Amino acid sequence: RLSGIVKLFKLSGKELILESQVQLIHEFDKILILDIHSAGLDDLYISYVDYSDSLGSCGTTKITHLKKFKSQKVIYKSTPCLSGFGALSEIAGRMTSDGKLLFMTGGNIFTDLYRNQFPRGGLCCDLPKSYEKTMRTSNLYGKIISVNLKNLKAETFASGFRAPQGLAWDEYRGRLWETEHGPQGGDELNHISKSKDYGWPFVTFGLPYTPEFAVLSGLPKQPIYGNHTGYTAPVFYWSPSIGPSQLIIFEKNSPFFKSFPNDLVVSTLKDKSLIKISMTKSGAVQSTERIEIGARIRDLSSTSVGLVLSTDDGDLIVLSPNFDVDLVAP
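In this text the structure is predicted, and so the values were computed from the model without any measurement.

A. Layout of the overall build of the protein. The helix and strand tally for the protein stands at two helices and 24 strands. Across the 330 residues in the protein, those meeting the buried criterion constitute 50%. Taking the intrachain contacts of the protein between residues at least 6 apart in sequence as the baseline, contacts between residues at least 24 apart amount to 51%. A total of about 15500 Å² of accessible surface is found on the protein, and carbon and sulfur atoms cover 53% of it.

As structure tokens, then:
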């Protein structure tokens with residue numbers, strides 16, 4: 001993945017045959033691919049971090065539109081250019097689309113998520129001097145941005161996110177859903193609405209990791225733990241933490257649709273499970289069900305044969321409609 005090469009394979013019998021490959025456009029010497037959103041092979045959208053390990057250099061997050069697996073165009077580039085550990089580890093980069101807008105998540109890398117420091121150490125390159133200035137800019141960090149696929153105009157769609165992990169457009173309800181890690185507890189499922197602020201770093205249902213990190217230095221006001229007053233609250237939250245990752249919706253092309261029409265499914269890291277969420281048409285949670293998997297699930301995809309799970313152990317697992325679990329590839 002550090003090479004930034006995207007490859008297209010064809011399945012011939014039981015053999016994968018390489019058909020084509022494309023090197024992503026980059027300015028620096030390393031690339032970390034974050035996510036790929038497909039609107040068919042004619043239209044792939046790829047989010048990635050373009051960076052260098054050189055001292056004092058920085059990196060940006062980009063979205064490239066790869067058309068017909070040949071031509072490519074960078075349609076979004078984050079600002080400001082940043083360096084530091086967080087610029088690579090918490091940037092998120094998850095994408096989804098409603099057909100008109102392409103959405104992408106950005107983690108709040110300006111705060112040290114475990115030591116509650118603002119601004120975090122190790123950042124360089126045009127770091128804004130205050131939280132207010134940061135929020136007024138059109139940067140990606142701590143926000144969900146949208147890119148208009150017709151005129152390629154990018155703008156902040158919503159803000160106030162800590163460590164977003166999953167993002168999915170729900171065609172049935174006409175809603176955008178997001179999952180994110182809270183601090184100690186307070187993992188969230190959010191319905192994302194335009195121009196709303198979801199509270200981080202000022203409110204969270206979670207708790208600080210240790211008492212000495214309860215105060216967040218460098219901000220105009222201190223975080224409030226255990227409630228969400230004054231900001232858009234999550235639709236559902238988990239305490240203790242489950243470590244949510246990706247989420248999908250059971251749509252009509254899923255073999256699970258007949259039994260669980262339009263239910264949401266959240267994959268988890270810490271809890272090593274899937275969480276199935278039954279909802280009303282208006283988006284109210286009716287019930288949740290935990291499905292034990294026994295592995296940290298990093299990514300989740302719905303296919304015509306079932307759910308495909310990608311784990312931190314490097315395995316692919318297929319979950320079929322009769323809830324048989326098969327290890328497909330180590």
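B. Structural view of the pairing of strand E17 (residues 244–249). The buried fraction of E17 amounts to six of the six residues, a majority that puts the element mostly inside the structure. Of the pairings in the sheet, the one linking E17 to strand E18 (residues 264–268) comprises four bridges and is antiparallel in character. Paired with Ile248 across the two strands is Val265, which belongs to E18.

C. Focus on the sheet that holds strand E11 (residues 163–170). Ordered by their spatial adjacency, four strands build an open sheet running E11-E12-E13-E16, and the pairing between neighbours is antiparallel. What marks the edges here is a single partner per strand, and that holds for E11 and strand E16 (236–238). On average, each strand axis in the sheet is tilted by 20° relative to the strand beside it, whichever way the strands run. Here strand E12 (residues 175–181) runs beside strand E13 (residues 187–192); their pairing, made up of five bridges, is antiparallel. Across the sheet, Trp177 pairs through a bridge with His191, a residue of E13.

D. Highlighting the pattern of salt bridges. Applying the stated criterion across every chain, the model contains twelve salt bridges. One salt bridge in this structure joins Arg290 and Asp271, with 2.6 Å as the shortest N-O distance. Here the residue Arg290 occupies a position in strand E20 (residues 285–292), and Asp271 occupies one in the loop between E18 and strand E19 (273–279), the gap between them amounting to 19 residues. Under the relative-accessibility criterion, Arg290 is labelled partly exposed at 43%. A relative accessible area of 24% places Asp271 in the partly exposed class. The partner of Asp312 in a salt bridge is Arg296, and the shortest N-O contact between them spans 3.0 Å. Taken together, the residues span a long stretch of sequence, with Asp312 in the loop between strand E22 (306–311) and strand E23 (316–319) and Arg296 in the loop between E20 and strand E21 (297–303) at a distance of 16 residues. Overlapping salt bridges, with partners in common, bring together Glu27, Asp50, Lys62 and Lys77 in one network.

Quick notes on the rules
- Throughout, residues of each chain are indexed from 1 in the direction in which the sequence is written.
- Only residues with pLDDT of 70 or above have their local features reported here, since the model is predicted, and side-chain atom pairs are shown and tallied only from 80 upward, although totals for entire chains, interfaces and linings are computed over all residues.
- Side-chain calculation: all heavy atoms of the structure are included, whereas hydrogens and water are not.
- Segments assigned H or I by DSSP are reported as helices when at least four residues long, segments assigned E as strands when at least two residues long, and all are numbered from the N terminus.
- Exposed residues in this analysis have more than 50% of their type's maximum accessible area, buried residues have under 20%, and partly exposed residues fall in between, with area computed by a 1.4 Å probe over protein chains only.
- Any two residues whose heavy atoms approach within 4.5 Å are treated as being in contact.
- Exposure was quantified through the Shrake-Rupley algorithm and a 1.4 Å probe, taking into account, for residues, occlusion by the shown protein chains and nothing else.
- Pairing between two strands is assigned when DSSP locates at least 2 bridges connecting them.
- Every angle, taken between N-to-C directions, lies between 0 and 180 degrees, and every axis is a line fitted to C-alpha atoms, over only the stretch in contact when it is a helix.
- One speaks of a salt bridge when a side-chain nitrogen belonging to Lys or Arg is within 4 Å of a carboxyl oxygen belonging to Asp or Glu.

Nothing here speaks to function; it is all geometry.
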